[in-house]
Every structure is written in C-alpha cells, then in structure tokens.
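As a plain string of letters, each chain reads:
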Amino acid sequence: MKNNLLIIGASGHGKVIADIALKMNKWQSIAFLDDNESLKSSMGLDVIGKSKDAISHINDYDIFVGIGNNDTRKEVQENLEDEGATIPVLVHPNAVIGEQVGVATGSAIMAGVVINCCTKIGKGCIINTGATIDHDSVIENFVHVSPGSHLAGTVRVGQGTWLGIGSVVSNNLKISGSCKIGAGTVVVRDITEVGTYIGVPARRI
C-alpha cells in the first residue's frame, strides 16, 4: 500500500469511490484521472491527467478503477495489473463484513452493504449501496450488484454480470456470466443462458 491514491474516473461512480476512500482515511492524498479535459477537480480533489497517464503514476500511487461499466472496468484494471500497479480494496466504514469473507483487489463495498460469512467477492466488483449478500456465496470478477439488491445464501454470480437495482436472487442459485438482470427482477431458478432478464419471476427477453 502506498501513501497516495489515484482514482480513474471522476464522474458519478468515481465520486462515490472517492467518498469511501476519504472515509477510510488511509491515504495522505487522493486524486483523479479523467478523460474529460474540461474537468479540473471533483469532490474537491484534483484531476491530474487522463486515464492513459495511470502507468506513469504506478510507483507513487495506489490506483483504483472508478468506472461503473463492467467491461471497461475489467479492461482498465487488467491492463494495470499487467503493469504491476498496486490496486486496493475499498470498503465503506458502514459496511458489515462477516467472518471469512474474501474481497479481491479493485472491488468496492459501498455504504450499508452486508456481506455474510464465508462469501467470496472477486476482483473489480461493485457491491453497491445497501446491497446484501448472504452466506457462502461467490461473486465472480467484475460483477456489479446494484443498490438495494439482495442475494440469499449460496448464490453464485458469473463474471461480468450486472444485477439491477432492487433485484432479488433466491438461495442456492447460479447466474451465468455476462448477464443483465433488470431492476426489481426476482431470480428463482438458475440462469444458464447469457442474456437480459426481467420480471417476477425472471424471464429472458
């Protein structure tokens, strides 16, 4: 861990990441990179360059990818990993993390989240505001669990899947990677086919 943190992305999601980092109080300085040239500061923190400049800061900064899109976040984080960047885990102080929970590099755990024991969160995940994930679940890499989503025990979510706000997943289910689960959708059976799912119960569209 280094004394300084650099966040790639200074818009909505990046600002929430910065807020968590400030509350964690682990870094002496925090700054952004963003490709919007007109943006000079965000959250009162300086924007010191574009995303392509991240590599030049690897020796001085921990680097976190504050980009909401799963595919883009994956691409940027994996490039940083290849270059040897130090990528932290960000956990809001008001999150509740159970015993034997693993959270991999580049993942963000937002305010009000509850993750119960023996659950594994992959790298580059977003577990967003007020979401809950119960015991013995596995969230694979670069998944976004949106605000207010609730996953029961022993759920597995495949890489790159996005669960929309307020979605619900019943216990002992598997959801394929690269799926989109719409807002308010209720998943009561395994989802084995890649696609977009909506409704109560979930159906593919």
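Residues numbered from 1 in each chain as written. Predicted model: local features only at pLDDT ≥ 70, side-chain atom pairs only at ≥ 80, totals over all residues. Heavy atoms only, no water.

**Q** Account for the sheet that holds strand β17 (residues 156-157), naming residues and giving values.
**A** The sheet built from 5 strands is open, its strands ordered β8-β11-β14-β17-β20 with parallel pairing. The sheet is open, and its two edges are formed by β8 (102-103) and β20 (174-175), each paired on a single side. Here β17 runs beside β20; their pairing, made up of 2 bridges, is parallel. Bridging across to β20, R156 finds its partner in K174. (Pairing = 2+ DSSP bridges. Helix = DSSP H or I, 4+ residues; strand = E, 2+ residues; numbered from the N terminus.)

**Q** Break down the sheet that holds strand β2 (residues 29-33) for me, citing the residues and quoting the values.
**A** What the 3 strands build is an open sheet, ordered β2-β1-β5; its pairing is parallel. If you trace the sheet from one side to the other, it starts and ends with β2 and β5 (61-65), each paired once. Here the average twist between neighbouring strands, direction ignored, is 25 degrees. When strand β1 (residues 4-8) meets β2, the two strands line up parallel, connected through 5 bridges. Note that in β2 the partner of I8 across the bridge is L33. Sitting on the sheet, helix α1 (residues 12-24) is in contact with β1, β2 and β5, with an inclination near 170 degrees to β2. Helix α2 (residues 70-82) contacts β1 and β5 of the sheet and is inclined by roughly 155 degrees relative to β5. (Axes fitted to C-alpha atoms, helices over the stretch in contact; angles between N-to-C directions. Contact = heavy atoms within 4.5 Å.)

**Q** Explain the pattern of salt bridges to me, and be specific about the residues and the numbers.
**A** The full count for this structure, using the stated rule, is 7 salt bridges. Between D19 and K23 there is a salt bridge, with its nearest N and O atoms 2.8 Å apart. On the criterion of helical spacing, the pair formed by D19 and K23 is a turn pair, its members being 4 residues apart in helix α1. Taking relative accessible area as the criterion, K23 reaches 43% and is therefore assigned partly exposed. (Salt bridge = Lys/Arg side-chain N within 4 Å of Asp/Glu carboxyl O. Buried < 20%, exposed > 50% of the residue type's maximum accessible area, 1.4 Å probe, protein only.)

So far we have only geometry, and geometry alone does not tell us how the molecule works.
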